[in-house]
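As a plain string of letters, each chain reads:
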Amino acid sequence: MADNDIAEESPASGIPGPADGYLGDPAVRAEWDNRYSERQQLWSGRPNGALVTEVAGLAPGRVLDVGCGEGADAIWLARHGWAVTALEVSGVALERAAGHARDAGLAIDWVHATLTDAMIPPASFDLVSAQYPALLRTPDAAAERALLAAVAPGGTLLVVHHAGMETRQAHDGDFDPADYVWPSTVVDLLDDDWAAEVHEQRPRMAPDGGAGAHHTDDLVLRVRRLR
């Protein structure tokens, strides 16, 4: 599936797409395309455990899956009655995700963009899910603000990340935790319009296989927008 095909499958999302089907930094897209191209399947193909747990008590509505990867979370949500908009920077990943959804007979709106460039309609999702996102931080906290802005009044933001990574030193390889969004950086922006319902570290329900399976604990943040 070409990028244009992915963009054209998303009319219901309200998120416009450019002619080439991608909104964002080409270098970020290339980095993730290269990573996905190294394997026929990067992730386990099963939904993230924290998502399944935290969504269990929510009534299905509109959901934005941020960094949908190969589509396991988006497909699980669609199967459970959610109207899914799935956003991803990698065209390689989106092609795989769209193929899996097509095989399952599920309709999902695919958006090929970075979070901060996607022009997401404000306050338009009952659930915004960011599972282990690789969102880059900026001085104006653009990514954190975009996550919060997408949530409708009464809706939920769920951010899950690997525990322990945020305290790693910058000299551990090329990874500097200060470059990325963490649940704690989202919490720093919360005001009286938000209620924190879950903010904790807990053992991860890790799927077998797939990148990241070695991580044993999650940081889980679930907040509800009051107004």
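In what follows, the structure referred to is the one given above.
Let me begin by describing the structure that accompanies this report. Being a predicted model, the structure only gives us computed values, none of them experimental.

A short note on the overall build of the protein
Along the backbone of the protein there are 7 helices and 7 strands. Put simply, the protein runs from its N terminus to its C terminus through helices and strands in the order α-α-α-β-α-β-α-β-β-α-β-α-β-β. Among the 227 residues that make up the protein, the fraction classed as buried is 49%. For the protein, long-range pairs separated by at least 24 residues make up 73% of all intrachain contacts whose partners lie at least 6 apart in sequence. Element-wise, carbon and sulfur atoms account for 49% of the exposed surface of the protein, whose accessible area totals about 10,500 Å².

A few points about the side chain of Arg-225
Mapped onto the secondary structure, Arg-225 falls in strand 7 (residues 217-225). Despite being buried, Arg-225 has no salt bridge partner; Asp-193 is the closest side chain of opposite charge, sitting 5.7 Å away. Polar side-chain contacts of Arg-225 include one of 3.0 Å to the backbone oxygen of Arg-227. In this structure, Arg-225 is in contact with Ala-123, Leu-148, Ala-149, Val-151, Ala-152, Pro-153, Gly-154, Gly-155, Asp-193 and Trp-194, ignoring residues within four places of it in sequence.

A word on the packing of aromatic side chains
Under the counting rule described, the total for this entry stands at 1 aromatic pair. For the pair Trp-32 and Tyr-36, a centre-to-centre distance of 6.3 Å together with 45° between the ring planes defines the contact as tilted. Taken together, the residues span about one helical turn, with Trp-32 and Tyr-36 both in helix 2 (residues 26-37) at a distance of 4 residues. Under the relative-accessibility criterion, Trp-32 is labelled buried at 17%. The ring of Tyr-22 carries the charged tip of Arg-29 above its face, separated from the ring centre by 5.3 Å.

Things to note about the pairing of strand 1 (residues 62-66)
Most of strand 1 is tucked away, with 4 of its 5 residues classed as buried. When strand 1 meets strand 2 (residues 83-88), the two strands line up parallel, connected through 5 bridges. Paired with Val-66 across the strands is Leu-87, a residue of strand 2. Once the chain exits strand 1 it traverses helix 4 (residues 72-79) before rejoining the sheet at strand 2, and the crossover so formed is right-handed. Relative to strand 4 (residues 125-131), strand 1 runs parallel, the two being bridged by 4 bridges.

With respect to the nonpolar core
Judged by nonpolar contacts, the single largest core of 26 residues is most densely connected at Val-128, Leu-147 and Leu-157. Of the residues forming this core, the biggest block, 4 residues, is contributed by helix 6 (residues 142-149). Ignoring any residue separated from it by four or fewer positions in sequence, one finds Leu-157 in contact with Val-128, Leu-147, Leu-148, Val-151, Val-186, Trp-194, Leu-221, Arg-222 and Val-223. By size, the runner-up hydrophobic cluster in this structure holds 25 residues, among which are Trp-76, Trp-110, Leu-158 and Val-220.

Some thoughts on the packing of helix 2 against helix 5 (residues 91-104)
Between helix 2 and helix 5, the shortest axis-to-axis distance is 7 Å and the interhelical angle comes to 55°. Relative to helix 5, helix 2 is oriented oblique. Residues Asp-33, Tyr-36 and Ser-37 of helix 2 form the contact with helix 5, whose participating residues are Gly-91, Val-92, Ala-93 and Arg-96. When grouped by side-chain class, the residues that make up the contact of helix 2 with helix 5 number 3 nonpolar, 2 polar and 2 charged.

Concerning the environment of Trp-32
Sequence separation between Trp-32 and Gly-91 is 59 residues; the distance between their C-alpha atoms is 8.5 Å. Residues within four places of Trp-32 in sequence aside, it is in contact with Val-89, Ser-90 and Ala-134.

Quick look at the sheet that holds strand 4
Spatially, 7 strands are ordered 3-2-1-4-5-7-6 in an open sheet, and the strand pairing comes out mixed. Of all strands in the sheet, those bounded by a partner on one side alone are strand 3 (109-112) and strand 6 (194-203). The sheet shows a mean angle of 15° between the axes of neighbouring strands, direction not considered. Relative to the sheet, helix 4 contacts strand 1, strand 2 and strand 4, its axis offset from that of strand 2 by approximately 175°.

Each value, and the rule that gives it
- Residues numbered from 1 in each chain as written.
- Predicted model: local features only at pLDDT ≥ 70, side-chain atom pairs only at ≥ 80, totals over all residues.
- Heavy atoms only, no water.
- Helix = DSSP H or I, 4+ residues; strand = E, 2+ residues; numbered from the N terminus.
- Buried < 20%, exposed > 50% of the residue type's maximum accessible area, 1.4 Å probe, protein only.
- Contact = heavy atoms within 4.5 Å.
- Areas by Shrake-Rupley, 256 points an atom, 1.4 Å probe, with all protein chains shown as cover.
- Lys, Arg positive; Asp, Glu negative; His and termini not counted.
- Salt bridge = Lys/Arg side-chain N within 4 Å of Asp/Glu carboxyl O.
- Polar contact = N/O pair within 3.5 Å; in protein donor to acceptor, adjacent residues only side chain to side chain.
- Phe/Tyr/Trp six-rings, centres within 6.5 Å; stacked < 30°, edge-to-face > 60°.
- Lys NZ or Arg CZ within 6 Å of the ring centre and 35° of its normal.
- Pairing = 2+ DSSP bridges.
- Right-handed = clockwise from strand over helix to strand, strands pointing away.
- Core = buried A, V, L, I, M, F, W, Y, C linked by side-chain atoms within 4.5 Å.
- Axes fitted to C-alpha atoms, helices over the stretch in contact; angles between N-to-C directions.
- Parallel < 35°, antiparallel > 145°, perpendicular 65-115°, else oblique.
- Nonpolar A, V, L, I, M, F, W, Y, C, P; charged D, E, K, R; others polar.

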